[in-house]
Amino acid sequence: MAHAAPRAARRYGSPARAASKLTAPVLGGIVYGLWAAAIGRDAGPITGWNALLGVVSAVVFVAAYLGLRLIGTHLPRELRAAAWAGFAGVAVGFLHGLTGSSVLRSVAVAFAVAAGAFVVVFYRFYTTEN
């Protein structure tokens, strides 16, 4: 007599599949956090504030990425593409702002990245959805 699968196993299929869904956000968060810490360090010594900046940046990146993946499937393709474009623009704009450039330049870079990301992501959603 077969027993019903645990709730988590039914939802994700297996623990390996659940782990594979977390791989991209976690690795992306690690890279983003290290990148933010390196920019914030500005070739100086590693301090606690640099490490804190990297950890907080990574946690916020992963939380935003997972939240967008969670609610993104319920949005129409235009709003989903705009959400991913906003995520990409804010992420790159924040990193560019850490370099010490002006706010206007950081906003311009963020907008350019968001516009490019919107075109690419909208095209992908438009061509792959039924």
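Criteria and cut-off values
Residues numbered from 1 in each chain as written. Predicted model: local features only at pLDDT ≥ 70, side-chain atom pairs only at ≥ 80, totals over all residues. Heavy atoms only, no water. Helix = DSSP H or I, 4+ residues; strand = E, 2+ residues; numbered from the N terminus. Buried < 20%, exposed > 50% of the residue type's maximum accessible area, 1.4 Å probe, protein only. Contact = heavy atoms within 4.5 Å. UniProt positions renumbered as here; feature names shortened; annotations may be inferred. Axes fitted to C-alpha atoms, helices over the stretch in contact; angles between N-to-C directions. Left-handed = near helix turned anticlockwise from the far one by under 90°. Nonpolar A, V, L, I, M, F, W, Y, C, P; charged D, E, K, R; others polar. Phe/Tyr/Trp six-rings, centres within 6.5 Å; stacked < 30°, edge-to-face > 60°. Lys NZ or Arg CZ within 6 Å of the ring centre and 35° of its normal. 1 Å grid on protein atoms, 1.4 Å probe; cavity = no way out; pocket = protein on both sides within 12 Å on 5 of 7 lines; lining within 4 Å. Points joined across faces, edges and corners; volume = space filled by probe spheres on them. Core = buried A, V, L, I, M, F, W, Y, C linked by side-chain atoms within 4.5 Å.

*Asks:* So, the overall build of the protein chain: which residues are in play, and what are the values?
*Replies:* A tally of regular secondary structure across the protein chain gives five helices and zero strands. Each helix and strand of the protein chain, placed in order from N terminus to C terminus, yields the pattern α-α-α-α-α. Counting every position in the protein chain, which comprises 130 residues, the buried fraction comes to 24%. The long-range share in the protein chain, meaning contacts at least 24 apart out of those at least 6 apart in sequence, stands at 67%.

*Asks:* Talk me through the UniProt feature "transmembrane region" (unreviewed entry) in the protein chain; I want residue IDs and the actual numbers.
*Replies:* Those residues carrying the UniProt feature "transmembrane region" (unreviewed entry) are residues 21–40, 46–67, 79–98 and 104–126 in this numbering. Annotation note: span residues 21–40, helix share 100%, strand share 0%, distance between end C-alpha atoms 30 Å.

*Asks:* Account for the packing of helix H2 (residues 15–41) against helix H3 (residues 48–72), with residues named and values stated.
*Replies:* Where H2 contacts H3, the two axes come as close as 7 Å, and the packing angle between them is 145 degrees. Judged by the twist between their axes, the crossing of H2 over H3 is right-handed. When grouped by side-chain class, the residues that make up the contact of H2 with H3 number 13 nonpolar, seven polar and three charged.

*Asks:* Got a sec to walk through the packing of aromatic side chains? Specific residues and values, please.
*Replies:* A ring pair, where both rings are aromatic, is described by two values, the distance of the centres and the angle of the planes. Across all of its chains, the model carries eight aromatic pairs by this definition. Ring geometry for Phe118 versus Phe122: centroids 5.8 Å apart, planes at 15 degrees, classification stacked. Of this pair, Phe118 and Phe122 both sit in helix H5 (residues 103–128), four residues apart, which is roughly one turn of the helix. Just above the ring of Phe125 sits the side chain of Arg80; from NZ or CZ to the centre is 4.2 Å.

*Asks:* Before we move on, could you go through the layout of surface pockets and cite the residues and values that matter?
*Replies:* Roughly 160 Å³ of internal volume is contained in the second largest pocket. Grouping the amino acids of the lining of the second largest pocket by side-chain chemistry returns eight nonpolar, one polar and no charged.

*Asks:* Talk me through the side chain of Arg80; I want residue IDs and the actual numbers.
*Replies:* Tracing the backbone shows Arg80 in helix H4 (residues 77–98). Ignoring sequence-local partners within four residues, the contact set of Arg80 consists of Gly72, Leu75, Phe125 and Glu129.

*Asks:* Can you lay out the nonpolar core for me, pointing to particular residues and giving the numbers?
*Replies:* Ranked by size, the top nonpolar core spans 13 residues in total, and within it Phe61, Trp84 and Phe87 carry the most contacts. Those elements giving two or more residues to this core turn out to be H2, H3, H4 and H5. Take this core: its biggest share by element is five residues, from H4.

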